[in-house]
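Coordinate analysis (summary)
Now for the letters of each chain:
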Amino acid sequence: MKIDILTLFPDMFQGVFEESIIKRAIDLGKVEIHLINFRDYTMDPHKKVDDTPYGGGAGMVLTCQPIFDCVESIRTDDSLVILLTPDGNVYSQEVAYSLRDKKHIILICGHYEGFDERIRSICDMEISIGDYVLTGGEIPAMVLVDSITRLIPGVITEESHLNDSFHDHLLDYPTYTKPRVYKGMEVPEVLISGDHQKIDLWRREESIKKTQLRRPDLLKK
Ligand code: ADE
């Protein structure tokens, strides 16, 4: 998979893609990530990428030209263009799964007070990572890259994400490691029984119980 990230702040991404599983996925050739500063595409002699809003109001608005030209120069028939915006569809594990097979994803990070409404016309999807407003689309773009990359076949074992929270609309079951007793808290007996059928059943029941208690909205799905 190739991911192009259009941003005015490419340096924000450095550490994130140079550690852990994303780094491994890049090294394995499972994902190729390009950071593109769309300021490089502006035709403005002063390298401006924003302007005041028509009708008045506070702040500056990203202009169409640099983003349109940048997208047009990198888009192919295989590309999916996603705009990160608080008024997009709310992101979920289900959406992450639907994106893991894409050949080319272009992520557009908005910034400042907003972007010219016409930029939406070149996007295939608009995604919000939650009902709160961030200073820009960079952190949401990192969230998408991380959550999609770990689902690409061969990046982590398939078994790991079959057990993820939100798989089957259930939260993850509780897990324990050594020691067996810590500060008086014991590991449930069943996990030491060696009976894998019993363990699977216990895990499923715990998942359902936890989901009922914490996220009953998920069970309705
Ligand atoms: N840009 C600013 N806030 C955002 C959010 N919650 N999701 C996606 N993009 C954003």
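For the structure, see preceding data.
The paragraphs below set out a description of the structure included in this document. Just so it is clear, the model here is predicted, and its values are computed rather than measured. (Residues numbered from 1 in each chain as written. Predicted model: local features only at pLDDT ≥ 70, side-chain atom pairs only at ≥ 80, totals over all residues. Heavy atoms only, no water.)

1. Comments concerning the nonpolar core
Counting residues in hydrophobic clusters, the biggest one holds 29 residues, and the most contacted among them are Ile5, Leu107 and Leu144. Of all elements in the fold, only strand E1 (2-7), helix H2 (20-27), strand E5 (79-90), helix H4 (93-99), strand E6 (104-109) and helix H5 (138-149) reach the threshold of two or more residues within this core. Element by element, the count of residues in this core is highest for H5, at five residues. If we ignore the near neighbours within four places in the chain, the residues touching leucine 144 are Ile82, Leu84, Tyr91, Leu107, Ile127 and Ile129. Within the second largest apolar cluster, 20 residues are counted, among which are Leu8, Phe68, Ile74 and Cys123. (Core = buried A, V, L, I, M, F, W, Y, C linked by side-chain atoms within 4.5 Å. Buried < 20%, exposed > 50% of the residue type's maximum accessible area, 1.4 Å probe, protein only. Helix = DSSP H or I, 4+ residues; strand = E, 2+ residues; numbered from the N terminus. Contact = heavy atoms within 4.5 Å.)

2. Comments concerning the environment of arginine 100
Structurally, arginine 100 can be placed in the loop between H4 and E6. Sequence separation of arginine 100 and leucine 151 is 51 residues, and the distance between their C-alpha atoms is 6.1 Å. Filtering out sequence-adjacent residues up to four positions away, arginine 100 remains in contact with Met1, Ile148, Leu151, Ile152, Pro153, Glu158 and His161.

3. Considering unusual backbone geometry
Cis rather than trans, the peptide bond between lysine 178 and proline 179 has omega equal to 5°. In this structure, proline 179 sits in the loop between helix H6 (158-162) and strand E9 (181-182). Positive phi values are uncommon outside glycine, yet lysine 183 reaches one of about 45°. Mapped onto the secondary structure, lysine 183 falls in the loop between E9 and strand E10 (185-186).

4. Side note on helix H3 (residues 64-74)
Of all the positions in H3, only Cys64, Pro66, Ile67, Phe68, Cys70, Val71 and Ile74 are classed as buried. Buried positions along H3 lie against E1, strand E2 (32-37), strand E4 (61-62), E5 and E6.

5. Observations regarding the pattern of salt bridges
According to the stated counting rule, one finds 12 salt bridges in the structure shown. Between arginine 120 and glutamate 126 there is a salt bridge, with its nearest N and O atoms 2.4 Å apart. We classify arginine 120 as buried; its relative accessible area is 18%. Through salt bridges with shared partners, a single ionic network connects Asp87, Glu117, Arg120 and Glu126. (Salt bridge = Lys/Arg side-chain N within 4 Å of Asp/Glu carboxyl O.)

6. Here's the deal with the side chain of arginine 120
Position of arginine 120 relative to the elements: it lies in the loop between strand E7 (114-115) and strand E8 (125-128). For arginine 120, the side chain forms a polar contact with the side chain of aspartate 87, separated by 3.0 Å. In contact with arginine 120, not counting residues within four places along its chain, are Leu83, Thr85, Asp87, Phe115 and Glu126. (Polar contact = N/O pair within 3.5 Å; in protein donor to acceptor, adjacent residues only side chain to side chain.)

7. Comments concerning the sheet that holds strand E3 (residues 50-51)
Working definition: the strands of a sheet are paired by backbone hydrogen bonds and lie parallel or antiparallel to each other. Judged by pairing direction, the sheet is mixed, and its three strands sit side by side in the order E3-E4-E7 without closing on themselves. Every other strand in the sheet has two partners, leaving E3 and E7 as the edge strands with one partner each. With two bridges connecting them, E4 and E7 associate as parallel partners. Considered in E7, the bridge of valine 61 is made with glycine 114. (Pairing = 2+ DSSP bridges.)

8. Observations concerning the site of the ligand
The immediate surroundings of the ligand are formed by Leu84, Thr85, Pro86, Ile127, Ser128, Ile129, Gly130, Tyr132, Val133, Leu134, Gly136 and Pro140. A total of 270 Å² of accessible area belongs to the ligand in isolation, and the protein chains cover 96% of it. Taken together, the elements giving at least two residues each to the shell around the ligand come down to E5 and E8. With three residues, the single largest contributor to the shell around the ligand is E5. In terms of residue class, the shell around the ligand is built from eight nonpolar, four polar and no charged. (Near = heavy atom within 4 Å. Areas by Shrake-Rupley, 256 points an atom, 1.4 Å probe, with all protein chains shown as cover. Nonpolar A, V, L, I, M, F, W, Y, C, P; charged D, E, K, R; others polar.)

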